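One letter stands for each residue in the lines below.
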Amino acid sequence: MHRRTFLTISAGLATAPALRWTGALAQDATPTADEDLLDLDRFGPVAASSPYTLAFFQPYPNNEFWQRLQGAVEARAEADGVTVEVYALGSNEVADQVAQMEAAVAAAVDGIILGTINAAGVVPGVEAANNAGIPVIAVDTAPAGGELVSLAQTDNVEASAAAGAFIAEAIGEAGKVLNLQGEMGNQTAQARNEGLHRVLDGFAEIQVIDQSANWTQELGLSITENVLTSDPDLVAIFGANDPAALGAVQAVKAAGRDDIVIVGFDGNPSAFEAVQAGDMAADIAQFPERMGTYGVDLMVLHLNGEEVEALVDTGTAVVTAENVEVFLGIVS
Amino acid sequence: MSNAASQALGLDLRRITFGNVWQVIGPLASLIILSLLIWWAEPVFMSPQNLLNVARQASLTAILATGMTFVILTGGIDLSVGSMVALSSVCGGLLMWEFGWPMWPAVLVMVVVGGLLGLINGAIVTLGRIPPFIVTLGTMQIFRGAALQLTDGKPIFDLTAFQPSFSMWGTGDLGGIPAPVIITLVVFVAGWLILRYTRLGLYTYAIGGNEQATRFSGVQINRYKLGVYGLMGVTAGVAAVMWSSRLNSTQPTVATGEELNAIAAVVIGGTSLFGGEGSIVGTLIGALLMAVIRNGLTLLHVPSFYQQMVIGAVVVLAVLIDRLRRRETA
């Protein structure tokens, strides 16, 4: 697909060493200025002791985040000397994913790297692998049951707590903050809500207005329009995902306001562009590249007979105007 | 349409044209009472700025519900409207973004694509003789999948960076009235005129009232059904233009679940899901009622899950009132 503005940022990675991190790379031991941003070699590359065949379960083949994750899986599999078979889910049905897992078990793959579509529904698939003695490593989301060798994911609570801390500082620890929550009842949405509240509720002068934008730009836009009417003294907006935050950007712009701190969550190119343009103060970026790469390395280590960590936090970064160029370089 | 012809169809023209006033009394009263309550609780509700917000936020549902009124009046349903909006939007958006098309042809494409998708639904329903629920349940997935496929699942943001004039449909205004509101009114008036003064409008009621009788009266009902689904598609195309401009983006996942809002607006407006009875004025009121509830409860900082519950309750209540009213008049 045709690339537009991202081309101009191709120099972004080259400038990485010169940057100082204002935002924390969560859980990373004191990131130094010249540290490789993506930190992909934390566990590998690992030379496989035999040419294993891995199965990667791709839940959202059309989603940018998951496309990046899959790219990392394939790249690292090649580096480690293993084969990876991609089981891409065409429907949004967890039953189909379970059927795919049963097929992988029947094909006797050596290991499964699971991107699950539904934490609860996928459990029978995980158990089928367990019963056949095939190790499973989950990326991004943990299944609700079954046994995992390891799990590589973003700590959503910590990440949105970082967003909360950024907002609190930017608004001088006082004022009204609109929290555009994700889909109600969704596990990730709850974690992001929890993290934001954990920090903002600690400030007596901050009032949080909770409204669910259901992960959509439409509701991000219309809810912000409404709240700007009822609460013109609003000082900040947190979008639990990027589309919601971008909807808020439009409402704020249309209202002719430029004094509202907007923070998004996801790390989509469009959000980075909004940060670059000054429309958003910050975006919380996840690292799907790490999830995919670590997933493969951990699996190969396990198959080689070594002990691996049960839980790996793949970290997040607070992307602001100061470091946005580097991140635009990663996603382009 | 002569009186004799309508009698031949077993149709009571008076009930269609004059029955409307009574049909919309319930939703209209609900709208007024609810607005007064919210105004009392939050005075800013009645500010011109906020009323424009409400009108703007009702526009997507109102436009789609106008087309949906026709479909439901024939006794049909269209579950694919949200997906039609997405696919139309994506087609026009890609033309501007990837192929550098100017604004007007791209906008035309969105509307035409919407119309074609509607005709596909109509063709399968009539020629295949498959219930519309099943047909549109399938095309809902097909159209959404196609929209995802065309864009590789990625949203295209900032369309106005390519065609600045595209912003007029969603964020422009005419004498202070927002463009989405004007577009909604144009669609609504057009729908009202078609329903009231054209053969298509009359047969829409007739087919829903008694399809067999209408067929035996010599009406080529397939032709008119096709027209109704095509019309639904055109409104989806118009909605796609307005909404992608308002969001300044085209997203394959846009308007997911919007079919349910459109159906809810039609039902709240007093149109019978069994077809043959209802009005487009009621539909507009239904769409406004839903927007007022969402807006009002947000102004009052009511958590989102209560908003869902309230809207759901209003839908059930509307049908209940309709049932009681009918029992009394019968």
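What counts and what doesn't
As a convention, each chain's residues are numbered from 1 in the sequence order in which they are written. Numbering of ligands from 1 and lettering of chains from A proceed in the order in which they are written. The model is predicted, so local features are restricted to residues of pLDDT at least 70 and side-chain atom pairs to those at 80 or more, both for listing and for counting; the totals for chains, interfaces and linings are taken over all residues. With hydrogens and water excluded, all non-hydrogen atoms of the structure serve as input to the side-chain values. As used in this record, nonpolar core signifies buried Ala, Val, Leu, Ile, Met, Phe, Trp, Tyr and Cys residues forming a set joined through side-chain atoms within 4.5 Å. Only protein chains enter the calculation, and the probe is 1.4 Å; a residue is then buried if its accessible area is under 20% of its type maximum, exposed if over 50%, and partly exposed in between. A run of H or I in DSSP becomes a helix once it reaches four residues, and a run of E becomes a strand once it reaches two; helices and strands are each numbered from the N terminus. In what follows, residue pairs with any heavy atoms lying within 4.5 Å of each other are defined as contacts. For patch detection, residues must exceed 30% relative accessible area and be free of salt bridges, and they are connected within 9 Å for like charges or within 5 Å for nonpolar side chains (Val, Leu, Ile, Met, Phe, Trp, Tyr). Only the protein chains shown count as covering a residue, and every accessible area follows the Shrake-Rupley method with a 1.4 Å probe. Salt bridges are counted wherever a side-chain nitrogen of Lys or Arg sits within 4 Å of a carboxyl oxygen of Asp or Glu. Here a pair means two rings of Phe, Tyr or Trp (six-membered ring of Trp) with centres within 6.5 Å. Their orientation is stacked below 30 degrees between planes, edge-to-face above 60, and tilted elsewhere. Geometrically, a lysine NZ or arginine CZ counts as sitting over a ring once it is within 6 Å of the ring centre and also within 35 degrees of the ring normal. Buried area: the accessible surface (1.4 Å probe) lost by two parts on joining, summed over both. Gly counts as polar in this scheme, as do all residues outside two lists: the nonpolar Ala, Val, Leu, Ile, Met, Phe, Trp, Tyr, Cys and Pro, and the charged Asp, Glu, Lys and Arg. At least two bridges found by DSSP between two strands is the condition for calling them paired. For helices, the fitted line uses only the C-alpha atoms of the stretch in contact; every axis is such a line through C-alpha atoms, and the angle between N-to-C directions lies from 0 to 180 degrees.

Caption draft 1: Spatial organisation of the nonpolar core. Residues B:Met68, B:Val85 and B:Phe166 are the most contacted members of the largest nonpolar core, which totals 73 residues. No other element matches the 13 residues that helix α12 (residues 221-247) of chain B contributes to this core. Discounting chain neighbours no more than four positions away, the residues touching B:Phe166 are B:Met96, B:Met103, B:Val107, B:Met110, B:Leu159, B:Thr160, B:Val241, B:Ser244 and B:Ser245. Counting 35 residues, the second-largest nonpolar core is a separate cluster that includes A:Val252, A:Phe272, A:Met280 and A:Phe327.

Caption draft 2: Geometry of a nonpolar patch on the surface. Residue and element names in this part refer to chain B. Side chains of Ile120, Ile124, Ile130, Phe133, Ile134 and Leu137 sit close together on the surface and give an oily, nonpolar patch of about 480 Å² of accessible area. Of all the secondary-structure elements, those providing two or more residues to the nonpolar patch are α6 (103-127) and α7 (132-151). The element best represented in the nonpolar patch is α7, accounting for three residues. With respect to the secondary-structure elements, Ile130 resides in the loop between α6 and α7. Residue Ile130 is classed as partly exposed on the basis of its relative accessible area of 34%.

Caption draft 3: Structural view of the packing of aromatic side chains. Tallied over the full model, the rule gives 11 aromatic pairs over all chains. Both rings, one in A:Phe57 and one in A:Tyr87, keep their centres 4.9 Å apart while their planes meet at 20°; by these two values the pair is stacked. Of the two residues, A:Phe57 sits in strand β1 (residues 53-58) while A:Tyr87 sits in strand β2 (residues 83-88), which places them 30 residues apart along the sequence. Taken as a pair, A:Phe57 and A:Tyr87 share a single burial class, namely buried. Where B:Trp97 meets B:Phe162, the ring centres are 6.4 Å apart and the plane angle is 90°; that geometry is what we call edge-to-face. Of the two residues, B:Trp97 is situated in helix α5 (residues 81-97) and B:Phe162 in the loop between β1 (156-157) and α8 (168-171); the sequence distance between them amounts to 65 residues. Residue classification places B:Trp97 among the buried residues on the basis of a relative accessible area of 9%. Judged by its relative accessible area of 24%, B:Phe162 falls in the partly exposed class. Three or more aromatic residues link up through ring pairs in this structure, and these residues are A:Tyr60, A:Phe65 and A:Trp66. Its guanidinium or amino end placed over the ring of A:Phe265, A:Arg192 lies 3.7 Å from that ring's centre, counting from NZ or CZ. Looking at A:Arg290, its charged tip hangs above the ring of A:Phe287, at a distance of 3.9 Å from the centre.

Caption draft 4: Representation of the interface of chain B and chain A within the structure. Between chain B and chain A, the contact holds 37 residues from the first and 28 residues from the second. Among the residues chain B hides against chain A, the three largest losses belong to B:Trp97, B:Phe157 and B:His301. Together they make up 22% of the total. Along the contact surface separating chain B from chain A lie two salt bridges. A:Glu225 is the partner of B:Arg246 in a salt bridge, and the nearest nitrogen-oxygen pair spans 2.8 Å. Contributing elements (two or more residues each) for the side of chain B that touches chain A: α4 (48-73), α7, α12, α14 (280-299) and α15 (304-329) of chain B. Counted by class, the side of chain B that touches chain A contains 15 nonpolar, 15 polar and seven charged residues.

Caption draft 5: Structural view of the sheet that holds strand β5 (residues 150-153) of chain A. Residues and elements named next belong to chain A. Taken in spatial order, the six strands of this open sheet run β2-β1-β3-β4-β5-β11, and their pairing is parallel. Only two strands of the sheet have a single neighbouring strand rather than two, namely β2 and β11 (311-313). Strand after strand, the sheet turns through a mean of 20° between neighbouring axes, direction not considered. Its contacts with the sheet place helix α1 (residues 64-80) against β1, β2 and β4 (136-139), and it is angled at close to 175° to β1. Its contacts with the sheet put helix α2 (residues 94-106) on β1, β2 and β3 (111-114), and the angle it makes with β1 is roughly 175°.

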